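The residues making up each chain are set out below.
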Amino acid sequence: MVKINTLEFENTLEFAKKADFEDPLKNFRDMFYFPYLNGREAIYFTGNSLGLQPKTAQDAVLNEMEDWANYGVEGHFHARNPWFSYHELLTATSARIVGALPSEVVVMNQLSVNLHLLMVSFYRPTAQRFKIICEAKAFPSDQYAIESQVKFHGFDPQQAIIEIAPRKNEFCISHQDIYDAINLHKEELALVLIGGVNYFTGQVFDMETITRKAHAVGAFVGFDLAHAAGNIDLKLHAWEVDFACWCSYKYLNSGPGGVAGAFVHEKHHKSNLPQFAGWWGHNKSTRFKMEKSFDPITSAERWQLSNAPVLSMASHKAALEIFEEAGMEHLIQKSKKLKAYGEFIIDAVNQQLGKEKGWLEIITPRTNDEKDYYGSGCQISIVAHGYGKKLFEDLVKHSVIADWREPNVIRIAAVPLYNSYEDVYEFGKILLKIMS
Ligand SMILES: *Cc1c(COP(=O)(O)O)cnc(C)c1O
């Protein structure tokens, strides 16, 4: 693990400006539109919820509208980017972002849909093996997906779903508790399905070890990477994860409700796993013969159902081109430093306030922590002890767009593509002013 040297940090505007000036990714900020809020450009810390719009996205969408106007149905083969194979334009970069072979990735549908489609193949409960291990308080859509799959197969969610909760008075989940549960239920375990990064706490899970331990007892492993894709270092292929899926509108900046991604490990491409099928998963060379009997593509595309939603893919493509230019490894380097600076600034605010006046408790594992630490996303979740929603409302008045979770948690994400050290410094100044 690379330690960030926090000794060099200073709680001054000069320091923040200097860090921005020296930032090799500083020019990327200008590639995005920032919303205005209460008369000034917002301090935008919700890239973990909806990423900002790349300035290239509108033209990308308009180009497809133009081609549609100019070519009609002929656009499937004659558009500048033929629609027939449009999704393929998104594969290489998506694969690099999640650490996969291109054949293991397909961009399709939306996240919850993909979760279901992949569970159809990878959750095949039997009387003997029917249990699923997941995080307690997983994102609601994931909870509903898991519970409805269990019921769909005629099992009782109470018995089949094993939720791993944080220990008493803790926020993050102990890895040991996940491993212990895998062992405890090893005879009955069908699937481990958790988020790669917990949406609430920002905790990053050790996906490699979880995968190894689950495989050792004969279970499949899937990850929901909604908060991981474009945020942390992923090596899905090398870790031998069975499947994963993610949305593209959070860290990947593809726009509201944008098209999602899915990963299926190469070892399953030619398997006889059952699946739900559609024509876009069928052998490309014979697809338009429109004949009976499904002949699956031997890649992740096998799980595609429908033809490419080109308009939503166009803005995704524009956003992915920016990732390609920036490079995940550079983004991750900056992300760690920016997050460590955020921790430093929040600690400084606590000090300046004196604990008795209130307290901001960071519940996300710290960037330089050794314990239970498996990489860092850019999100920091903060419990504001003694403050209610008024704190959040006051932040809005000061043009900060953060995210509030009842009863007292603020989530902020300083996203390395477009946030600056100055954003983080300003945030601290505003916090201090509000809370003093
Ligand atoms: C954002 C998010 C979702 C949203 O699902 P959609 O199908 O894209 O609406 C689901 N799960 C997790 C963990 C998320 O963070």
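Another aspect to go through is the side chain of Thr-367. Inspection of the secondary structure puts Thr-367 in the loop between strand S13 (359–362) and strand S14 (379–385). Judged by relative accessible area, which is 1%, Thr-367 ranks as buried. Engagement of the side chain of Thr-367 in a polar contact is seen with the side chain of Lys-339, the distance being 3.3 Å. At 2.9 Å, the side chain of Thr-367 and the side chain of Glu-343 are in polar contact.

Attention now goes to the nonpolar core. Generally speaking, soluble globular proteins have nonpolar side chains that are buried together. In this structure, Val-98, Ile-178, Leu-225 and Leu-417 are the most contacted members of the largest nonpolar core, which totals 70 residues. No other element matches helix H11 (residues 310–326), which puts eight residues into this core. Shared between two domains, this core holds at least three residues of each, these being domain 1 (2–31 + 328–435) and domain 2 (61–324). Beyond its immediate chain neighbours, meaning those up to four positions away, Leu-225 contacts Gly-196, Met-207, Leu-234, Leu-236, Ala-244, Cys-245 and Trp-246. Formed by 37 residues, the second largest nonpolar core is a distinct cluster that contains Ile-380, Trp-404, Leu-431 and Met-435.

The subject of this paragraph is the domain arrangement of the protein. Domain assignment breaks the protein into domain 1 (2–31 + 328–435) and domain 2 (61–324). Counting from both sides, the interface comprises 25 residues of domain 1 and, opposite them, 23 residues of domain 2. Roughly 2000 Å² is buried in total at the junction of domain 1 and domain 2, and carbon and sulfur atoms are behind 63% of that figure. Connecting domain 1 to domain 2 are zero salt bridges.

Below, the discussion takes up the packing of aromatic side chains. Under the counting rule described, the total for this entry stands at 22 aromatic pairs. With centroids separated by 5.9 Å and ring planes inclined at 75 degrees, the aromatic side chains of Phe-9 and Phe-15 adopt a geometry described as edge-to-face. Take Phe-9 and Phe-15: they sit in the same class, and that class is buried. Three or more aromatic residues link up through ring pairs in this structure, and these residues are Phe-9, Phe-15, Tyr-341, Phe-344 and Tyr-421. The aromatic ring of Tyr-179 is capped on one face by Lys-213, whose charged end is 4.8 Å from the ring centroid. Taking the ring centre of Phe-139 as reference, the NZ or CZ of Lys-250 above it sits at 5.0 Å.

This part takes up the pattern of salt bridges. As enumerated under the stated definition, the model contains 25 salt bridges in all. Here Lys-334 ties to Asp-23 by a salt bridge, and the two come within 2.7 Å at their closest N and O atoms. Taken together, the positions of Lys-334 in helix H12 (residues 328–353) and Asp-23 in the loop between helix H1 (13–22) and strand S1 (32–33) put the pair 311 residues apart, joining distant regions of the chain. Judged by its relative accessible area of 8%, Lys-334 falls in the buried class. Take Asp-23: its relative accessible area is 7%, and that puts it in the buried class.

On to the site of the ligand, then. Every residue near the ligand is listed here: Leu-111, Ser-112, Phe-139, Asp-142, Asp-224, Ala-226, His-227, Tyr-249 and Lys-250. In the environment of the ligand, a nitrogen atom lies 2.6 Å from a nitrogen or oxygen atom belonging to the side chain of Asp-142. His-227 places a side-chain nitrogen or oxygen 3.2 Å from an oxygen atom of the ligand. Coverage of the ligand by the protein amounts to 82% of the 390 Å² it exposes when considered alone. Of the residues that constitute the shell around the ligand, the class distribution is four nonpolar, two polar and three charged.

Take the sheet that holds S14 next. Pairing is antiparallel in the open sheet, where four strands are placed in the order S13-S14-S17-S16. Every interior strand has two partners, whereas the edge strands, S13 and strand S16 (403–405), have only one. Averaged over all pairs of adjacent strands, the angle between their axes in this sheet comes to 30 degrees, without regard to strand direction. Across five bridges, S14 lies against strand S17 (residues 409–413) in antiparallel orientation. Counted as the bridge partner of Gln-379 is Ala-413 from S17. Where H12 meets the sheet, it contacts S13, S14 and S17, and its direction lies at approximately 155 degrees from that of S13.

Quick look at the sheet that holds strand S10 (residues 220–224) now. With mixed pairing, seven strands are arranged side by side in an open sheet as S6-S12-S11-S10-S9-S7-S8. Edge strands, defined here as strands with exactly one partner in the open sheet, are strand S6 (105–107) and strand S8 (161–164). Each neighbouring strand pair of the sheet contributes to a mean axis angle of 15 degrees, computed without reference to strand direction. Summarising the sheet, S6 and strand S12 (residues 261–264) pair through three bridges and their orientation is antiparallel. The residue of S12 that forms the bridge with Val-105 is Phe-263. Each of S6 and strand S11 (243–246) touches helix H4 (residues 91–98); the most contacted strand, S6, lies at about 120 degrees to it.

Before going further, it helps to examine the environment of Asn-419. Structurally, Asn-419 can be placed in the loop between S17 and helix H14 (421–435). Taking the C-alpha atoms as reference points, Asn-419 and Lys-339, separated by 80 residues in sequence, lie 11 Å from one another. A polar contact of 2.9 Å, which involves the side chain of Asn-419, links it to the side chain of Asp-423.

On to the environment of Phe-205, then. Here Phe-205 is to be found in the loop between strand S9 (189–195) and helix H9 (207–216). Under the relative-accessibility criterion, Phe-205 is labelled buried at 2%. Separated by 18 residues in the primary sequence, Phe-205 and Phe-223 place their C-alpha atoms 9.9 Å from one another.

On to H14. Taking 1.5 Å per residue, 15 residues should reach 21 Å; H14 reaches 21 Å between its end C-alpha atoms and fits that length. Within H14, eleven of the 15 residues are buried, which leaves the element mostly enclosed by the surrounding structure. Here H14 has its buried residues at Tyr-421, Asp-423, Val-424, Tyr-425, Glu-426, Phe-427, Gly-428, Ile-430, Leu-431, Ile-434 and Met-435.

Definitions and limits used
Residues numbered from 1 in each chain as written. Predicted model: local features only at pLDDT ≥ 70, side-chain atom pairs only at ≥ 80, totals over all residues. Heavy atoms only, no water. Helix = DSSP H or I, 4+ residues; strand = E, 2+ residues; numbered from the N terminus. Buried < 20%, exposed > 50% of the residue type's maximum accessible area, 1.4 Å probe, protein only. Polar contact = N/O pair within 3.5 Å; in protein donor to acceptor, adjacent residues only side chain to side chain. Core = buried A, V, L, I, M, F, W, Y, C linked by side-chain atoms within 4.5 Å. Domains from an automatic or database assignment. Contact = heavy atoms within 4.5 Å. Buried area = accessible area lost by both parts, 1.4 Å probe. Salt bridge = Lys/Arg side-chain N within 4 Å of Asp/Glu carboxyl O. Phe/Tyr/Trp six-rings, centres within 6.5 Å; stacked < 30°, edge-to-face > 60°. Lys NZ or Arg CZ within 6 Å of the ring centre and 35° of its normal. Near = heavy atom within 4 Å. Areas by Shrake-Rupley, 256 points an atom, 1.4 Å probe, with all protein chains shown as cover. Nonpolar A, V, L, I, M, F, W, Y, C, P; charged D, E, K, R; others polar. Pairing = 2+ DSSP bridges. Axes fitted to C-alpha atoms, helices over the stretch in contact; angles between N-to-C directions. Expected span 1.5 Å × (residues − 1).

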